[in-house]
Every structure is written in structure tokens, then in C-alpha cells.
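# Structural overview for review
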Amino acid sequence: MCLGVPGKIVEINENSIGMTMGKVNFAGIVKEVCLAYVPEAKVGDYVVVHVGFAISIVDEAEATRVFEYLKQMDELAELDIQQPE
Amino acid sequence: MKYVDEYRSEADAKKFVAAIHNITTRPWTLMEICGGQTHTIIKFGIDELLPKEITLVHGPGCPVCVTPLELIDKALEIARQPEVIFTSFGDMLRVPGSNTDLLSVKAAGGDVRMVYSPLDAVKLAQNNPDHEVVFFAVGFETTTPPNAMAVWQAQQLGLTNFSILTSHVLVPPAMEAILGSPHNLVQGFLAAGHVCAVMGYWQYPPLAQKYNVPIVVTGFEPLDLLQGIYMTVKQLEEGRAEVENQYVRAVTFDGNQPAQKLIGQVFEPTDRPWRGIGPIPASGLKLRPEFTAFDAELKFDVTGITAGENPVCIAGEIMQGLKKPHHCPAFGKECTPEHPVGAPMVSSEGACAAYYQYGRAEVRIKE
Ligand code: SF4
């Protein structure tokens, strides 16, 4: 139940009681998603969606952090090591 | 798929594995809280790539697993009522209550429906004014914002035929219960990324300090988990006990403010019993007094139901990191996903189901 999935916002609209909804594309499958918890989200943003609700906007800049981290470790020679048997 | 595939790179995973081997000098026991992470770890065999000094134990972060048995019995009782449309996430339908499960109630003629989102249940209530629509609102901080929104929306719409049967639980009090136990084995935590996407991680520094335990907010893909493990082991090896964030692309320190605000408007803290573990103070949420009209337990008067657990099931010890699924005498024998004895064998997020599904019943278990 905690498995959030990242998808791209393709449309933003409002439902009958004024709640922000939208359409989110998950690798080709488009679903109706509640966007009320991510008021600053724009079309084109990636959001983590959980049971039909976007709970977080994926930060594009931070998304590459893990690879930078690997590079840094490489430079510090932490990777240059005995391989596990 | 963007933001998924790149975090499954085998070459990069190998780098992290090598780095973890390189820094590990002593035995350490780490716990991943979330059942989704347990699933990834077992599916990709991450535990088997780690140095033998590192033991991963699997935490209580499986909503289906910790929902009290008596609440399942209450759900069954409500679902049997002829005027009720009982709605739930799919996982809950197969969880065994004392005698039966929701799917069997459905087979016997009960109107039990699986929904993708709690808003679907609200829609059903709008479209079926002559029925009572009940949503089974369980889960951690990740499902709370959707359920809070469903109740809030039902109130805005003036619906009187919608209610929720709720047992929301919270992660930090469970972590504290595990750390405070005299039998605790856990030395470092991988905190659940999506719980933190909602709640942030401002609740964790006091825990890290009080129990001298590193806590690393961690994502769900193999590279996320390996980096989270690396960061935790590095802290342990260096004698640090800090809160760090591996899952920076989705989690901020403060978390999702609009979600936290609505949760606070609709729910308030309460003591909750955890299936298999027992009561934990202030570890759950219940509807605030302004919203009790949406409380299915009151509406259907099932507050008196109590229940006892099948004594063979050791789910509680597994979820506190004291045992592993294959230590259970019923594992793979009386208890299988087709005929689950306990809840962790039901859900894809349960540790027993993950071990069973990926063939950890026999030789591949690392002792
Ligand atoms: S294998 Fe089945 S009976 Fe044993 S702990 Fe897991 S769920 Fe409970």
C-alpha cells in the first residue's frame, strides 16, 4: 500500500467541488489522480502517486544525486576495492 | 520508465555492493521499516549481495499485517449487512479474520468491492444513495492523506451514507517501541521513503539521539536501498547516529505540508493495538469528534467485537526484527499465499509472502 509510483502530469483540472485533479501518465497508462496535495505541480512535472493521490513532486535536480554520490565515492577511491567473493 | 529504470542499473548496484563490502568491519543489524522495501530487497536478492556481517531484518511497515484481527472481524460483520457496499484496497480482501475473510463474505453474497482510491468509494456513495458505502481505511502515513481527503470530500458533498472503518497507524511510535524493547536487535534503520514524502523526517532526530541509532530515509528501487544501506553502515562504522536522507528526489525535511494539514483537521492521535505486536501508545489516528458521523464503527455498532490470534503465527516477532519468516513452523506448510494463516503471508508487502514468492523457503536463506 505504500508503493508510490512516479508518473508525468499530462493534464490539470478541477472537479465539481473545486478539488484539483489531473491526468498522470505512468509509462503509457494514463490515470485520474488527485493533485490537491501538490498545489505547485505543473503539467510536465513528475509526481509520486499513491492510491490515486500525488504525494510528492519528483525533484529533477535531486534525482541525479545517487549517481553523483557514486562518482564521488569513485574519486575517493572507496570503490576501488577488493570485490566480494 | 523514468525515475524507475535508472535506479535498477546493475553496474551501479555492483559499485554500491563493493563499497559496502569495503567499509564493513563488524556485524550490524539493520531494519527496513516498509514492506515495499522488504519486497524489493528479496526480489532483487539484495540481502544476498551484502557482506555476511550485515543482517537485514524486516519491519512492521505492512498495513495489512498490522491491522488488528478484531478490526478485520468488524469489517466482516459490517460487510455482511444487506444495505452495505463494503469497499477496500485489494490486499485487505484476503486477510484472514478469526473465521473467514472478505472474499468469502463476497462469495456468500455480500457486496464487497475493491477500489483503487478512497475517492472511488466516495463516488460510489454519491451514486448509490440508498446504500451505505463503507471504506476500509487502514494503513500508514501514506494512505492517511487520501483517506482524510475522502472524509473531507464526503462532508463537503453532504453525504450521509459514507463512512470509514479506520485503524491508521504511525511509523515513529513503532520504531520507538522496537528500539525500547529489551530484546531489540536493530542498530540502524532504513526509514520508509514514502511515509517521509508525506510526513518529512523532522520526527526522527530525537529518536536517533535518544537510542543512538542511525536513521536513513530510503527509497524503493534497488539503487536507493543499496545507497541507504551504505549510508547506514558508514554511520555505524564511524560511530555516528544521525538522520540522513537518501531519497532526496521525493522527500524534504518538512514533508508535504498540505497533506499534514488536512490529516490534522480530520484525524487525531490515539493508542492503537498492532496485530502481532500489541498496543503501542499514541501510535495511531482516529477521526476527530467533528467527523464521527463518518465513523463506521459507531454507525454499525461493532465496538464490542474482540478476537484472539492463531497461536502458531510468529508475525509479531518477525515484524520486530527478532525472527525471519522461515523460522515459523507453519511457513510454506500450513501457511502459504493460497491459504494464509497469518497476515504477512497475504500481502505483497508482507515478509512471509516475499520470502515465499521468491523461493526463500529452502537453500537460499543466509543464516
Ligand atoms: S509463515 Fe504464516 S503463520 Fe508463520 S509468521 Fe508468517 S504469516 Fe504467520
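Here, the structure is the one placed above.
Below: a short report on this structure. Computed from a predicted model, the values in this text were never measured in an experiment. (Residues numbered from 1 in each chain as written. Chains lettered and ligands numbered in written order. Predicted model: local features only at pLDDT ≥ 70, side-chain atom pairs only at ≥ 80, totals over all residues. Heavy atoms only, no water.)

## Observations regarding the state of the cysteines
Residues and elements named next belong to chain B.
- The final tally for this structure, using the stated rule, is one disulfide over all chains.
- Note on cysteine connectivity: Cys-62 is disulfide-linked to Cys-65, with sulfurs 2.1 Å apart. Handedness of the Cys-62-Cys-65 disulfide follows from its S-S torsion of about 70°: it is right-handed.
- Look at Cys-62 and you get buried, because its relative accessible area is 2%.
- The buried category is assigned to Cys-65, whose relative accessible area is 2%. (Disulfide = S-S within 2.5 Å. Buried < 20%, exposed > 50% of the residue type's maximum accessible area, 1.4 Å probe, protein only.)

## Some remarks on empty space enclosed by the protein
Residue and element names in this part refer to chain B.
- Tallied over the full model, the rule gives five cavities of 30 Å³ or more.
- In this structure, the largest cavity encloses a volume near 90 Å³.
- If you go around the largest cavity, you meet 14 residues; those closest to its centre are Cys-313, Cys-328, Cys-335, Gly-342 and Cys-352.
- Of the residues belonging to the lining of the largest cavity, the class tally is 13 nonpolar, one polar and no charged.
- Forming the walls of the second largest cavity are Gly-35, Thr-38, His-58, Gly-59, Cys-62, Cys-65, Ile-318, Met-319, Pro-344, Glu-349, Gly-350 and Ala-351. (1 Å grid on protein atoms, 1.4 Å probe; cavity = no way out; pocket = protein on both sides within 12 Å on 5 of 7 lines; lining within 4 Å. Points joined across faces, edges and corners; volume = space filled by probe spheres on them. Nonpolar A, V, L, I, M, F, W, Y, C, P; charged D, E, K, R; others polar.)

## Quick word on the sheet that holds strand β10 (residues 267–274) of chain B
Residues and elements named next belong to chain B.
- Pairing is mixed in the open sheet, where six strands are placed in the order β4-β3-β5-β6-β11-β10. Each having just a single partner strand, β4 (111–114) and β10 make up the two edges of the open sheet. If you compare each strand with its neighbour and ignore which way they point, the axes differ by 25° on average.
- Bridge count for strand β6 (residues 162–169) against strand β11 (residues 278–287) is two bridges, and the pairing is antiparallel. Residue pairing across strands places His-168 opposite Leu-285, the latter belonging to β11.
- Packed onto the sheet, helix α8 (residues 144–156) meets β5 (132–139), β6, β10 and β11 and runs at close to 155° relative to β6. (Pairing = 2+ DSSP bridges. Helix = DSSP H or I, 4+ residues; strand = E, 2+ residues; numbered from the N terminus. Axes fitted to C-alpha atoms, helices over the stretch in contact; angles between N-to-C directions. Contact = heavy atoms within 4.5 Å.)

## What about the pairing of strand β8 (residues 215–218) of chain B?
Residues and elements named next belong to chain B.
- Judged by which residues are buried, β8 turns out to be covered on both faces: Ile-215 and Val-217 on one side and Val-216 and Thr-218 on the other are all buried.
- In this structure, β8 lies alongside strand β9 (residues 243–245), joined through three bridges in parallel fashion. When the sheet's bridge partners are listed, Val-216 is paired in β9 with Glu-244.
- A crossover links β8 with its parallel partner β9, the connecting element being helix α12 (residues 222–238), and its sense is left-handed. (Right-handed = clockwise from strand over helix to strand, strands pointing away.)

## Let's talk about the site of the ligand
Residue and element names in this part refer to chain B.
- Neighbouring residues of the ligand: 13 residues in total, closest Cys-313, Ile-314, Cys-328, Cys-335 and Cys-352.
- A molecule is said to occupy a pocket when more than half its atoms come within 2 Å of that pocket's grid points, and by this definition the ligand occupies the largest cavity.
- In terms of residue class, the shell around the ligand is made up of twelve nonpolar, one polar and no charged. (Near = heavy atom within 4 Å. Sits in = over half its atoms within 2 Å of the grid points.)

## A closer look at the packing of helix α1 (residues 10–23) of chain B against α12 of chain B
Residues and elements named next belong to chain B.
- Orientation of α1 relative to α12, taken along the N-to-C sense of each, is 15°, at an axis distance of 10 Å. As the angle between them shows, α1 and α12 are arranged roughly parallel. Both α1 and α12 take part in a crossing whose hand is left-handed. Mapping the contact onto sequence places Asp-12, Ala-13, Phe-16, Val-17, Ala-19, Ile-20 and Ile-23 in α1 and Leu-223, Leu-226, Gln-227, Ile-229, Tyr-230, Val-233, Lys-234 and Glu-237 in α12.
- When its residues are assigned to classes, the contact of α1 with α12 shows eleven nonpolar, one polar and three charged. (Parallel < 35°, antiparallel > 145°, perpendicular 65-115°, else oblique. Left-handed = near helix turned anticlockwise from the far one by under 90°.)

## A closer look at the interface of chain A and chain B
- With 45 residues of chain A in contact, the opposing surface of chain B contributes 54 residues.
- For the pair chain A and chain B, the summed buried area comes to about 4300 Å², and 70% of that belongs to carbon and sulfur atoms.
- Remark: the boundary between chain A and chain B carries one salt bridge.
- Mapped onto the side of chain A that touches chain B, the elements with two or more residues apiece are β1 (5–14), β2 (20–26), β3 (29–34), β4 (46–50), β5 (53–57) and α1 (65–75) of chain A.
- Here the element with the most residues in the side of chain A that touches chain B is α1 of chain A; it accounts for six residues.
- The residue inventory of the side of chain A that touches chain B, partitioned by class, reads 32 nonpolar, seven polar and six charged. (Buried area = accessible area lost by both parts, 1.4 Å probe. Salt bridge = Lys/Arg side-chain N within 4 Å of Asp/Glu carboxyl O.)

## Details of the environment of Phe-136 of chain B
All names here are of chain B.
- With respect to the element layout, Phe-136 can be found in strand β5.
- Separated by eleven residues in the primary sequence, Phe-136 and Asn-147 place their C-alpha atoms 9.5 Å from one another.
- Not counting chain neighbours up to four residues away, the residues in contact with Phe-136 comprise Thr-67, Leu-71, Ile-72, Ala-75, Phe-86, Thr-87, Ser-88, Met-92, Leu-102 and Leu-165.

## Details of the packing of aromatic side chains
- If you walk through the whole model with that rule in mind, you get twelve aromatic pairs over all chains.
- A centroid spacing of 6.4 Å and a plane angle of 35° characterise the contact between Tyr-69 of chain A and Phe-16 of chain B, whose relative ring orientation is tilted. Taken together, the residues Tyr-69 of chain A in helix α1 and Phe-16 of chain B in helix α1 connect one chain to another.
- Taking relative accessible area as the criterion, Tyr-69 of chain A reaches 23% and is therefore assigned partly exposed.
- Note on Phe-16 of chain B: relative accessible area 0%, which makes it buried.
- Measuring from ring centre to ring centre gives 6.0 Å for Tyr-69 of chain A and Tyr-230 of chain B, while their planes differ by 85°; the resulting arrangement is edge-to-face. Taken together, the residues span two chains, with Tyr-69 of chain A in helix α1 and Tyr-230 of chain B in helix α12.
- For Tyr-230 of chain B, a relative accessible area of 1% puts it in the buried group.
- A network of ring pairs unites the aromatic residues Tyr-69 of chain A together with Phe-16 and Tyr-230 of chain B as a single cluster. (Phe/Tyr/Trp six-rings, centres within 6.5 Å; stacked < 30°, edge-to-face > 60°.)

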